[in-house]
Amino acid sequence: MLAIALAGKAADCKEALFTLGDKPEARYAVARTALDAAGAVSTLDYLARMAKLVLEETGLLPHLNPGVMDPADLRRLRPVSASMGLMLESASDRLCERGGPHFGSPDKVPARRLDTLRAAGELGIPMTTGLLIGIGETRRERIESLLALRALHDSHGHLQELIIQNFKAKPGTKMAGASEPDFDAWILSLRDELGRS
């Protein structure tokens with residue numbers, strides 16, 4: 001990891017992005033084995049150590065995307081990160097119901113993601129977040145998701161970046177055969193809607 005960060009510094013990078021899944025050790029034996037070998041009790045423990053190492057050895061500013069976290073996790077990572085990120089994806093609970101794209105994924109439950117984003121705001125942590133469009137959400141759900149993020153930012157002023165990411169079908173996934181959204185048409189529709197409000 002340090003070699004990659006040093007190469008980034010040599011290329012005049014200013015930030016190091018750490019992106020990972022939500023506590024992979026809870027689901028995958030290979031992740032638990034790797035953490036044991038590294039002398040880490042959890043992925044977040046390992047992340048804190050690596051972010052500190054990169055910060056101290058390279059001066060690159062760590063931006064951490066470790067998934068859903070509680071306030072204690074956020075406080076622990078704050079000293080070794082310039083900012084963090086967690087995509088809301090959608091504020092729609094409907095997408096978590098049986099047959100929905102987020103069914104069986106407890107870390108995709110909107111309330112859990114919103115709680116993490118809210119806690120980050122209460123702790124003054126700059127956050128990147130956003131929506132994933134084209135996973136079966138309605139236009140109304142997209143707008144409600146944006147409004148939920150606006151309310152969080154209005155309360156805490158901590159959302160530094162909002163990403164609108166379009167769904168891309170990937171082979172070997174549950175939604176491999178799903179159609180992809182007309183991203184341009186949605187952006188134009190959203191712009192018109194926001195212009196009227």
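Our next topic: helix α6 (residues 139-156). Here α6 spans 26 Å end to end across 18 residues, near enough to the 26 Å set by a 1.5 Å rise per residue. E141, R142, S145, L146, L149 and L152 are the residues of α6 that are buried. The buried residues of α6 occupy one face: seen down the axis, they fall within an arc of 140 degrees. Pointing more than 90 degrees away from the buried face of α6 are the exposed residues R140, R150, D154 and S155.

Next up on the list: the nonpolar core. Membership of the largest hydrophobic core comes to 30 residues, with the highest contact counts inside it found for F18, L64, L74, L77, M84, L117 and M127. Secondary-structure elements contributing two or more residues to this core are β1 (15-19), α3 (43-58), α4 (71-77), α5 (110-122), β4 (127-133) and α6. Considering each element in turn, this core owes the most residues, six residues, to α3. Among all residues touching L77, those that are not within four sequence positions of it are L44, L47, A48, L64, P66, M69 and M84. Judged by nonpolar contacts, the second largest core, of five residues, contains L95, L132, I135 and F167.

A word on the sheet that holds β4. Within a sheet, neighbouring strands are paired by backbone hydrogen bonds and run either parallel or antiparallel to one another. Across the sheet, five strands lie side by side as β1-β2-β3-β4-β5; this open sheet has parallel pairing. Looking at which strands have only one partner, the edges of the open sheet turn out to be β1 and β5 (159-166). Across the sheet, the mean angle separating the axes of adjacent strands is 20 degrees when strand polarity is ignored. By the bridge criterion, seven bridges tie β4 to β5 in an arrangement that is parallel. Within the sheet, the bridge partner assigned to L131 lies in β5 and is I164. Against the sheet, α6 makes contact with β4 and β5, and its axis sits at roughly 170 degrees relative to β4, the strand it touches most.

For the rest of this paragraph, the subject is α5. For α5, with 13 residues, the first-to-last C-alpha span of 18 Å sits near the 18 Å given by 1.5 Å per residue. Of the residues making up α5, those classed as buried are P110, R113, L114, T116, L117, A119, A120 and G121. Among the structural elements, α4, β4 and α6 are those in contact with the buried residues of α5.

On to the side chain of S90. Residue placement: S90 occurs in the loop between β3 (83-85) and α5. Among the polar contacts made by the side chain of S90, one reaches the main-chain amide nitrogen of S92 at a distance of 3.0 Å. Discounting residues that sit within four places of it in the chain, S90 has contacts with L95, P110 and S145.

Moving on, we get to the pairing of β4. Across the seven residues of β4, seven count as buried, placing the element largely inside the fold. When β3 meets β4, the two strands line up parallel, connected through two bridges. Among the inter-strand pairings, G85 is bridged to a residue of β4, identified as T128. Crossover β3 to β4 through α5 is right-handed.

What follows deals with the packing of α5 against α6. In the contact formed by α5 and α6, the axes pass within 9 Å of each other and the chain directions differ by 15 degrees. Considering their axes alone, α5 and α6 lie roughly parallel with respect to each other. For the pair α5 and α6, the crossing hand works out as right-handed. Seen from α5, the contacting residues are L114, L117, R118, G121 and E122; seen from α6, they are A148, L149, L152 and H156.

Here is what the cut-offs are and how they apply
- Residues numbered from 1 in each chain as written.
- Predicted model: local features only at pLDDT ≥ 70, side-chain atom pairs only at ≥ 80, totals over all residues.
- Heavy atoms only, no water.
- Helix = DSSP H or I, 4+ residues; strand = E, 2+ residues; numbered from the N terminus.
- Expected span 1.5 Å × (residues − 1).
- Buried < 20%, exposed > 50% of the residue type's maximum accessible area, 1.4 Å probe, protein only.
- Arc of directions from axis to C-beta.
- Core = buried A, V, L, I, M, F, W, Y, C linked by side-chain atoms within 4.5 Å.
- Contact = heavy atoms within 4.5 Å.
- Pairing = 2+ DSSP bridges.
- Axes fitted to C-alpha atoms, helices over the stretch in contact; angles between N-to-C directions.
- Polar contact = N/O pair within 3.5 Å; in protein donor to acceptor, adjacent residues only side chain to side chain.
- Right-handed = clockwise from strand over helix to strand, strands pointing away.
- Parallel < 35°, antiparallel > 145°, perpendicular 65-115°, else oblique.
- Left-handed = near helix turned anticlockwise from the far one by under 90°.

On their own, these measurements won't tell you what the molecule is for.
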